[in-house]
Amino acid sequence: MDNINLFPLYLSFRVAITATIISFIIGIPFAYFLSKRDGKVTDFMDTLTNLPVVLPPTVLGYYLLILLGRQSPIGAFMENTFGKMIVFTPTGAIIASTVVSIPYLIKSSKTSFVEINEDYLNAARLLGRNELNIFFTIVLPIAWRGILAGITMSFVRALGDFGTTLMVSGSIPNKTMTMPIAIYDALQAGDKYMANLLVFIMTSIAIIFLFTINLLERKMRKG
Amino acid sequence: MLELLIKKTLGNFSLQSTFTAKNGVLGILGPSGCGKSMTLKCIAGLQTPDSGLIRLNDKLLFSSEFKIDIPSRKRNIGYVFQHYALFPHMTVMNNIGYGVKHLEKKQRIQKIKRMIERMQLDGLEDHYPSQLSGGQQQRTALARTLITEPDLLLLDEPFSALDSHIKHLLEKELISIIKNNFDGIVLLVTHNIEEAYRICDHIMIMDKGNNLQYGTKDDIVHTPANLTTARITGCKNLLDVTVLKETDQHLILKSNELIFKAIKPKLKPSKIKVAGIRSHHISFCSDSHNNDNTFECTIIDKINGVFSTIIVVNCKRCILQVELSKMSCPHIHKCNSSKLMLHIPPHQVFVMDKDE
């Protein structure tokens, strides 16, 4: 009981929160862009966005390894210029989690952007507001519920990622070992008690998180 | 004054709109898909015409020649959308204040308060659009637009989504609000001739992307320029005719076996081919064999409406619809004899070209 190492829990949260923030910053403008255009290029990009959902995690991890590994142009550049490695570091875990979780955020946000009645935007335009202003005063507040659902899904997915993270950042104890990997590790080592405990923690977090979001959503619907 | 001369092609639909509008209400009337809403959207800058120009009170809003296309937000045009498009996440107060955010706070609040008072929305400041009745929504939408003091007001089928009993109330209210608060140009898009006739001073008929006729509302109703206009303005009896004889004032027309008289149109159409008679202009009479333009007919069908009945008759192999108010001649509604005499007033017959 004394020697429970909480590092995986801490790391998982750090990775998932960072990945969700990155997903939000990149995903929301991208989702809005996808919702406003339709054409072959947009369709292609839309399909590409969903690729991480359907690809096996190991395949995705393999691609990321090739893209970011020490031999790749990006990996070499990072190592030579900043002296930093991406693979087998927490940064690698963050990137892996972002890639697997961003499709959920984009998809959910895009759906709620598409559902916004174009007349609201046109009315705002005719009342003298520019596009950026309209995005913050009309689009975001109206689409908020879908975005929130997207954030939740994306966060939970990032928190639970196993395969891709393992491929990209490995399972170095106290460095890159996240919760899901720690569970696998404990099971492999025959430490059933540890595995049960970690599984219990993970399940509780997921339930509490979903419950809170649900509550928040209901409150917002009323207000 | 609004001057418009635009062309726009979308897929296999092409819009060609040319007209000018002065102060007062101009109704744009046409079936759905005729390009009337697109015309409004072009004026508002929500759609870009392929070519042409749009000028509002000496301000050029769009010109393909000079590469001018002022964005919607700088056109100063008021627009009331079909379902009002009130922002659902904002209170009445914030909705109304949305277009005057650039004003200093004190002045802005004062202005909003005054507008709320004028539109009789007192006490609803903190309500959300979903909590408002249809009339309150309409007033909020008008307040939101009028507070920006637009140069031009565009109304895009404001009543089409409403129940008929509330429609008349809102229509009356809209007319009085506009008369009391706005003295510029108003364009109203509708597909309902009754609505257009009640609200507008002038009417423009559109079909398949073209302007067919533009005139005062009475001109449009009394002398439709062509078959489509006649149909859009609700004329039920349209007969293919040939001209048998021409006198100084009259034309003698023949359709199947029906030979009747009509007043000569002012503009002599090149090839007269269709005669229109509105169904409520035809009347039944009991005997009067000597009367002009009176014919024997057989009743084929009776369609009972709430306040009027439409009687379909065969008159010398022409099928005609006659609309009668239920009050005016109860005996016809009850009578079972199928033979009647009907009278076509010559001055109510309009003759026009057949559309190509």
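Keep in mind the model is a prediction, meaning the values are calculated, not measured. All residue numbers here refer to positions counted from 1 along the written sequence of the relevant chain. Note on labels: chains are lettered from A, ligands numbered from 1, in written order. Local features in this predicted model are restricted to residues of pLDDT 70 or higher, and side-chain atom pairs are both shown and tallied only at a pLDDT of 80 or more, whereas totals for entire chains, interfaces and linings draw on every residue. Processing note: side-chain calculations cover all non-hydrogen atoms of the structure and skip hydrogens and water entirely.

Residues and elements named next belong to chain B. We note that the domain assignment places domain 1 (2-228) and domain 2 (235-352) within chain B. Note that domain bounds follow an automatic or database assignment of domains. The C-alpha centroid of domain 2 is placed 39 Å from the C-alpha centroid of domain 1. Each side of the interface is counted separately: domain 1 has 7 residues, and domain 2 has 5 residues. Taken together, both faces of the contact between domain 1 and domain 2 bury some 470 Å²; the carbon and sulfur share is 69%. We call two residues in contact whenever any of their non-hydrogen atoms come within 4.5 Å of each other. Here the quantity called buried area is the total loss of accessible area, with a 1.4 Å probe, experienced by two parts when brought into contact, counted for both.

Whether a set of points on the 1 Å grid over the protein atoms alone is a cavity depends on a 1.4 Å probe fitting there but being unable to get out, while an open set qualifies as a pocket with protein on both sides within 12 Å along at least five of seven lines; lining residues are those with an atom within 4 Å of a point. Grid points are joined across faces, edges and corners, and a volume is the space filled by probe spheres set on the points. Per the stated rule, a full pass over the model turns up 2 cavities of 30 Å³ or more. Roughly 50 Å³ of internal volume is contained in the largest cavity. Together, Ala-123, Leu-126 and Leu-127 of chain A together with Ile-77, Gly-78, Tyr-79, Phe-81, Arg-144, Thr-145 and Thr-148 of chain B line the largest cavity. Put simply, the parts of the chain that give the lining of the largest cavity at least two residues each are helix H6 (118-126) of chain A together with strand E7 (77-80) and helix H4 (134-146) of chain B. Note on conventions: DSSP H or I runs of at least 4 residues are helices, E runs of at least 2 residues are strands, and numbering of each starts at the N terminus. With 3 residues, the top contributor of residues to the lining of the largest cavity is E7 of chain B. Of the volumes computed, that of the second largest cavity is approximately 30 Å³. Considering the residues around the second largest cavity, the lining is formed by Ser-12, Val-15, Ser-97, Ala-158, Leu-159, Asp-161, Thr-165 and Thr-178 of chain A.

Take the sheet that holds strand E13 (residues 242-246) of chain B next. Residue and element names in this part refer to chain B. In this description, strands pair whenever DSSP reports at least two bridges between them. Taken in spatial order, the 3 strands of this open sheet run E13-E14-E15, and their pairing is antiparallel. On the outer flanks of this sheet lie E13 and strand E15 (258-263), each paired with one strand and no other. Taking each pair of neighbouring strands and ignoring which way they run, the sheet shows an average axis angle of 30°. In this structure, strand E14 (residues 250-255) lies alongside E15, joined through 6 bridges in antiparallel fashion. Bridging from a neighbouring strand, Lys-254 pairs with Ile-259 of E15. Note on method: axes are straight lines fitted to C-alpha atoms, helices fitted across the in-contact stretch only, with angles between N-to-C directions ranging 0 to 180 degrees.

So, about the pairing of strand E1 (residues 2-10) of chain B. All names here are of chain B. Relative to strand E4 (residues 51-56), E1 runs antiparallel, the two being bridged by 6 bridges. When the bridges of E4 are listed, Leu-4 appears paired with Ile-54. Sheet analysis places E1 next to strand E2 (residues 13-21), joined by 9 bridges and oriented antiparallel. Directly across from Ile-6, in E2, lies its bridge partner Ser-17.

Turning to the side chain of Thr-176 of chain A, a few remarks are in order. Looking at the element boundaries, Thr-176 of chain A is found in the loop between helix H8 (163-169) and helix H9 (179-188). Only protein chains enter the accessibility calculation, which uses a 1.4 Å probe. A residue is then buried if its area is under 20% of the maximum for its type, exposed if over 50%, and partly exposed in between. Assessed through its relative accessible area of 0%, Thr-176 of chain A is described here as buried.

Counting residues at the interface gives 18 residues for chain A, matched by 20 residues for chain B. Summed over both sides, the interface of chain A with chain B buries roughly 1,700 Å², with 68% coming from carbon and sulfur. If you sort the residues of chain A by the area they bury against chain B, Leu-126, Leu-127 and Arg-129 of chain A come out on top, with a joint share of 41%. A side-chain nitrogen of Lys or Arg and a carboxyl oxygen of Asp or Glu constitute a salt bridge if their distance falls within 4 Å. Inspection of the region where chain A meets chain B yields 0 salt bridges. Any pair of N or O atoms that falls within 3.5 Å is considered a polar contact. Within protein, one atom must be able to donate a hydrogen and the other to accept it, and sequence-neighbouring residues count only if both atoms are side-chain atoms. Inspection of the region where chain A meets chain B yields 4 residue pairs in polar contact (both at pLDDT 80 or more). Of all elements in the fold, only H6 and helix H7 (131-160) of chain A reach the threshold of two or more residues within the side of chain A that touches chain B.

In this section: the sheet that holds strand E18 (residues 294-304) of chain B. All names here are of chain B. Across the sheet, which stays open at both edges, the 5 strands sit in the order E17-E21-E18-E19-E20 with antiparallel pairing between neighbours. Whereas interior strands pair on both sides, the edge strands pair on one side only; in this sheet they are strand E17 (283-285) and strand E20 (318-325). Strand-to-strand twist across the sheet, computed as the mean angle between neighbouring axes with direction ignored, equals 50°.

The next subject is the environment of Gln-138 of chain B. All names here are of chain B. Relative to the elements of secondary structure, Gln-138 occurs in helix H4. Given a relative accessible area of 1%, Gln-138 falls into the buried group. Between the C-alpha atom of Gln-138 and that of Asn-291, which follows or precedes it by 153 residues, the distance is 52 Å. Each residue touching Gln-138, except ones within four places of it in the same chain, is listed here: Tyr-84, Phe-159, Leu-170, Glu-173 and Leu-174.

Across all of its chains, the model carries 14 salt bridges over all chains by this definition. Among the salt bridges present, the one from Lys-110 of chain A reaches Asp-46 of chain A, with a minimum N-O distance of 2.5 Å. Of the two residues, Lys-110 of chain A is situated in helix H5 (residues 90-115) and Asp-46 of chain A in helix H2 (residues 40-54); the sequence distance between them amounts to 64 residues. For Lys-110 of chain A, a relative accessible area of 22% puts it in the partly exposed group. With a closest N to O distance of 3.2 Å, Arg-317 of chain B and Glu-257 of chain B form a salt bridge. Pair noted here: Arg-317 of chain B is in the loop between strand E19 (308-315) and E20 and Glu-257 of chain B is in the loop between E14 and E15, with a separation of 60 residues, a long-range link. Under the relative-accessibility criterion, Glu-257 of chain B is labelled partly exposed at 45%. Taken together, the shared-partner salt bridges connect Lys-36, Glu-118, Arg-125 and Glu-131 of chain A into one network.

Attention shifts here to H9 of chain A. Those residues of H9 of chain A that sit buried are Met-179, Pro-180, Ile-181, Ala-182, Ile-183 and Ala-186 of chain A. A positive backbone phi angle near 80° is found at Gly-190 of chain A, which sits one or two residues after H9 of chain A.

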